[in-house]
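If you want the building blocks of each chain, they are given just below.
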Amino acid sequence: MRKPMVAGNWKMNGNLESIRQLMDGLKAGVDSVESAEVVVCPPFIYVPKVVGMCDGTKIQAGAQNLCDQNSGAFTGEVSGEMIKDVGCQIVLVGHSERRSIYGETDEAVADKFAKAQELGLKPILCVGELLEERENNITEEVVGRQLDAVINKSGIQALANSVVAYEPVWAIGTGKTASPEQAQEVHAFIRSKIASLDAGIADGLQLLYGGSVKSGNATELFSQADIDGGLIGGASLDATEFLAICKAAK
Ligand code: 13P
């Protein structure tokens, strides 16, 4: 049985005070989450603080990005070593905002994924198609290409200690969720693609759905056979809402 996971991606939101309140709310309620692994990914500058706040709770802190280099003249970047150094074990890789706003190519994402793996960080690899790509019926081609970049660089074994998040770009922050059937279809595609290379890895892989997940639609999405939890943006900034989503992942 795959353990469900719900990860909150706070993106570039919050400040010391709002994060303290959010974490207080999460800590007060997280023990009522029975099944899911609970992860929060704050903006870099707050990561060490949130790691401290997670201490002694079952909440894990993750980072939203990493550099594909270890150290050196890379102004503005943060290395995987640094992420590990402050006590994080999880990192998002290839979020659609990194791909579309900051120009990360499939190859750049694959390099970051490989670096995270090399350091023993667990990458949450984000994949997903644009609206135009869905309308042109090339969703599987796009998601397949994004996965292949990682598999070709790191090998299928590298997916054994990772998580994959399917986030259709048209559903992110738009209030438009993929229907449970639409999401399941792509999740089943991802799992069968991986199964064609290694059935055991495919079977154990946590596959998260992201894109306008809320407490009101989480149960139906998470009840799909190949959806093992969620990657949550906006709704993860509200403790009550995020905890309700975590509880829906069973
Ligand atoms: P929303 O839940 O705000 O649509 O964001 C999804 C997302 O991008 C999580 O990484």
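Predicted model only: the values in this text are computed from it and were never measured.

Parameters at a glance
Residues numbered from 1 in each chain as written. Predicted model: local features only at pLDDT ≥ 70, side-chain atom pairs only at ≥ 80, totals over all residues. Heavy atoms only, no water. Helix = DSSP H or I, 4+ residues; strand = E, 2+ residues; numbered from the N terminus. Rg over C-alpha atoms; globule rule 2.2 N^0.38 Å. Buried < 20%, exposed > 50% of the residue type's maximum accessible area, 1.4 Å probe, protein only. Contact = heavy atoms within 4.5 Å. Near = heavy atom within 4 Å. Polar contact = N/O pair within 3.5 Å; in protein donor to acceptor, adjacent residues only side chain to side chain. Areas by Shrake-Rupley, 256 points an atom, 1.4 Å probe, with all protein chains shown as cover. 1 Å grid on protein atoms, 1.4 Å probe; cavity = no way out; pocket = protein on both sides within 12 Å on 5 of 7 lines; lining within 4 Å. Points joined across faces, edges and corners; volume = space filled by probe spheres on them. Nonpolar A, V, L, I, M, F, W, Y, C, P; charged D, E, K, R; others polar. Axes fitted to C-alpha atoms, helices over the stretch in contact; angles between N-to-C directions. Parallel < 35°, antiparallel > 145°, perpendicular 65-115°, else oblique. Left-handed = near helix turned anticlockwise from the far one by under 90°. Pairing = 2+ DSSP bridges. Core = buried A, V, L, I, M, F, W, Y, C linked by side-chain atoms within 4.5 Å. Disulfide = S-S within 2.5 Å. Expected span 1.5 Å × (residues − 1).

**Some words on the overall build of the protein**
Phase 1 of the analysis: Along its length, the protein carries 11 helices and 8 strands.
Phase 2 of the analysis: Since a compact globule built from 250 residues should have a radius of gyration of about 18 Å, the 17 Å found for the protein is in line with a globular shape.
Phase 3 of the analysis: For the C-alpha atoms alone, the extent of the protein along its principal axes is close to 45 × 45 × 35 Å.
Phase 4 of the analysis: In the protein, which comprises 250 residues, the share counted as buried stands at 55%.
Phase 5 of the analysis: Taking as baseline every contact in the protein between residues at least 6 positions apart, the subset at least 24 positions apart corresponds to 72%.

**Description of the site of the ligand**
Phase 1 of the analysis: Within the structure, the ligand sits among 13 residues, and Lys11, His95, Gly173, Ser212 and Gly234 are positioned closest to it.
Phase 2 of the analysis: Here an oxygen atom of the ligand sits 2.9 Å away from a polar atom, N or O, in the main chain of Gly233.
Phase 3 of the analysis: Its free accessible area being 300 Å², the ligand has 95% of it covered by the protein chains.

**Comments concerning the layout of surface pockets**
Phase 1 of the analysis: By volume, the largest pocket amounts to about 490 Å³.
Phase 2 of the analysis: Along the wall of the largest pocket there are 18 residues; nearest its centre are Lys11, Met12, Gln64, Arg98 and Tyr102.
Phase 3 of the analysis: Of all the elements, helix α4 (residues 96–101) adds the most residues to the lining of the largest pocket, at 3 residues.
Phase 4 of the analysis: Grouping the amino acids of the lining of the largest pocket by side-chain chemistry returns 9 nonpolar, 5 polar and 4 charged.

**What to know about the packing of helix α7 (residues 139–154) against helix α8 (residues 180–195)**
Phase 1 of the analysis: Their axes nearest at 11 Å, the elements α7 and α8 cross at an angle of 40 degrees. Judged by the angle between their axes, α7 and α8 are oblique. In the packing of α7 onto α8, the handedness of the crossing is right-handed. Two secondary-structure elements touch here, α7 through Thr139, Glu140, Val143, Gly144, Leu147 and Asp148 and α8 through Val186, Phe189, Ile190 and Lys193.
Phase 2 of the analysis: Looking at the contact of α7 with α8 residue by residue, the class counts come to 5 nonpolar, 2 polar and 3 charged.

**Describing the pairing of strand β6 (residues 163–166)**
Phase 1 of the analysis: Burial of the side chains of β6 extends over both faces: Val163 and Ala165 are buried on one face and Val164 and Tyr166 on the other.
Phase 2 of the analysis: Pairing geometry for strand β5 (residues 122–127) and β6, over 4 bridges, is parallel. Directly across from Ile124, in β6, lies its bridge partner Val163.
Phase 3 of the analysis: The pairing of β6 with strand β7 (residues 206–210) spans 4 bridges and is parallel.

**Some remarks on the nonpolar core**
Most often, soluble globular proteins have nonpolar side chains that are buried together.
Phase 1 of the analysis: Counting 69 residues, the largest nonpolar core has Val6, Met23, Leu26, Val40, Ile190, Tyr209 and Phe222 as its most contacted members.
Phase 2 of the analysis: Per element, the largest residue contribution to this core is 6 residues, and it comes from helix α11 (residues 239–248).
Phase 3 of the analysis: Excluding residues that lie within four positions of it along the chain, Ile190 makes contacts with Val127, Val143, Leu147, Val164, Tyr166 and Leu207.
Phase 4 of the analysis: Ala7, Ile90, Val163 and Leu208 belong to the second largest nonpolar core, which has 12 residues in total.

**Concerning the state of the cysteines**
Phase 1 of the analysis: Applying the stated criterion across every chain, the model contains 0 disulfides.
Phase 2 of the analysis: Not engaged in a disulfide, the cysteine Cys246 finds its nearest cysteine sulfur in Cys41; these two sulfurs lie 12 Å apart.

**Here's the deal with α7**
Phase 1 of the analysis: The first and last C-alpha atoms of α7 sit 23 Å apart over 16 residues, in line with the 22 Å expected at 1.5 Å per residue.
Phase 2 of the analysis: What α7 keeps buried is the set Thr139, Val142, Val143, Gly144, Gln146, Leu147, Ala149, Val150 and Ile151.
Phase 3 of the analysis: Taken together, the buried residues of α7 touch α4, α5 (106–119), β5, α6 (131–135), β6 and α8.
Phase 4 of the analysis: Among the residues trailing α7, Gly155 stands out with phi positive, at a value near 85 degrees.

**Some words on the side chain of Asp106**
Phase 1 of the analysis: For Asp106, the location among the structural elements is in helix α5.
Phase 2 of the analysis: Assessed through its relative accessible area of 12%, Asp106 is described here as buried.
Phase 3 of the analysis: Looking at Asp106, its side chain comes within polar contact range of the side chain of Arg99, at 2.9 Å.
Phase 4 of the analysis: Setting aside chain neighbours within four positions, we find Asp106 in contact with Arg99, Arg145, Gln146 and Ala149.

**Some words on the sheet that holds strand β8 (residues 229–232)**
Phase 1 of the analysis: Here 8 strands make up a closed barrel; going around it, the order is β1-β2-β3-β4-β5-β6-β7-β8 and the pairing parallel. Across the sheet, the mean angle separating the axes of adjacent strands is 25 degrees when strand polarity is ignored.
Phase 2 of the analysis: Where strand β1 (residues 5–9) and strand β2 (residues 37–41) come together, 5 bridges link them in parallel fashion. Paired with Val6 across the two strands is Val38, which belongs to β2.
Phase 3 of the analysis: Across the sheet, α7 is in contact with β5 and β6; its angle to β5 comes to roughly 155 degrees.

What is shown is where atoms sit, not what they do.
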